[in-house]
Amino acid sequence: MLQLQTNIVRTQRQLTHQNMQQDEALSVLNDFKEILQSEVYVDLERLRILARHGIPNELRGVVWKFLLGVEQADRSKELSNSKARSEEYEQMEKVNSEISRRIRGEVSRYQLRTPELAGKHYTERFENIITAYLNANRDREYHSSLISLCAPFIYTMEKECDAYFCFERLMQAMDEYDTHSTIKEQVANFMTLFRYVLPDLRNYFEEEEVNLNEFTASWLQFLLSKEMKFENLIRLWDSYFAMPDPLEFHPFVCLAILRNARENLEDLEQSEIRTMLLRLPFMDMRPIIAEAYNLRHETMERQLFEESEVFK
């Protein structure tokens, strides 16, 4: 009888918690809808504040377009702008047999580990968008990372042309960032932070002869799109697209992931560590992102302190 009563109480608590979560989700959804239903002007600042904490699945595509600047806050020309995007994308060259063959091969492998994007219609979108992008940017060569970087937009956008222009905005931002800081410099800076923030884990990796460059370069260069579970990735990008400096913030997210997984990693051997870092487990992104904010704040304070000591 006592066990039965305990089970009933536990079930009631679970239902109460679920109801509270549902109420919170509904409240957040209504807050987003209130902003997006404005007929004259979308309040981007309010939208960014909300988006940092995650975007409801059914509104993610619409919100990302505003956050990335594909859709303008002033709605007076929304229909004409949408038509212009469709026409521009329709006129783009989407034919390149060699690139298309490589895309199809890579997408088939990607779909095996990302069931959210399984299906021939998704494959065709990948092929069209990436081929159009490479044809419009002749100085860029095909790389398999384009698949994982493009995937969130294909998944969240209703229209293929919107997925293309959002993908293009991300690539432009990454290119601009790379002109100011090469990937070699980014890796070197990250290694310095890694040793400062997680010295014991860094030493353990060295003892196990883990090739740090193997995962660090990919984590930094491709925004964890190749390693992170898809659900986690799109949640992380909600926050990134709402920030003024997501690429500056990104290394601290990588550090937060390592700190969160530290105990598990220190129980693993070299090959197991490599597998885990190249295929990250499912994570609760809210505390990861909060930890990243804390790490950046701590790092900035330390740098200010060190600079003040120099001038004493």
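This structure is a prediction, so every number in the text was calculated from the model and none was measured.

Things to note about the layout of surface pockets
1) Next: The computed volume of the second largest pocket comes to approximately 520 Å³.
2) Next: The wall of the second largest pocket is formed by 24 residues, among which Tyr177, Asn189, Leu193, Glu248 and Pro251 lie closest to the centre.
3) Next: Among the secondary structure elements, those contributing two or more residues to the lining of the second largest pocket are helix 8 (160-180), helix 9 (183-197), helix 11 (212-221), helix 13 (246-265) and helix 15 (285-310).
4) Next: Among the elements that make up the lining of the second largest pocket, the one with the highest residue count is helix 15 (six residues).
5) Next: Taken together, the residues of the lining of the second largest pocket break down into 10 nonpolar, nine polar and five charged.

Things to note about helix 7 (residues 145-156)
1) Next: Across the 12 residues of helix 7, 11 count as buried, placing the element largely inside the fold.
2) Next: Ser145, Leu146, Ile147, Ser148, Leu149, Cys150, Ala151, Pro152, Phe153, Ile154 and Thr156 are the residues of helix 7 that are buried.
3) Next: Along its buried surface, helix 7 packs onto helix 3 (60-67), helix 5 (97-113), helix 6 (120-136), helix 8 and helix 12 (230-241).

What about the packing of aromatic side chains?
1) Next: Counted under the stated rule, the structure contains 16 aromatic pairs.
2) Next: Plain terms: the ring middles of Phe153 and Trp237 are 5.9 Å apart, the flat faces sit at 35° to each other, and that makes the pair tilted. Taken together, the residues span a long stretch of sequence, with Phe153 in helix 7 and Trp237 in helix 12 at a distance of 84 residues. Of the two residues examined, Phe153 and Trp237, each falls in the buried class.
3) Next: Between Tyr240 and Phe249 the ring centres are 6.5 Å apart and the planes differ by 90°, which places this aromatic pair in the edge-to-face class.
4) Next: The class for Tyr240 is buried, based on a relative accessible area of 2%.
5) Next: Taking relative accessible area as the criterion, Phe249 reaches 0% and is therefore assigned buried.

The rules behind each value
Residues numbered from 1 in each chain as written. Predicted model: local features only at pLDDT ≥ 70, side-chain atom pairs only at ≥ 80, totals over all residues. Heavy atoms only, no water. 1 Å grid on protein atoms, 1.4 Å probe; cavity = no way out; pocket = protein on both sides within 12 Å on 5 of 7 lines; lining within 4 Å. Points joined across faces, edges and corners; volume = space filled by probe spheres on them. Helix = DSSP H or I, 4+ residues; strand = E, 2+ residues; numbered from the N terminus. Nonpolar A, V, L, I, M, F, W, Y, C, P; charged D, E, K, R; others polar. Buried < 20%, exposed > 50% of the residue type's maximum accessible area, 1.4 Å probe, protein only. Contact = heavy atoms within 4.5 Å. Phe/Tyr/Trp six-rings, centres within 6.5 Å; stacked < 30°, edge-to-face > 60°.

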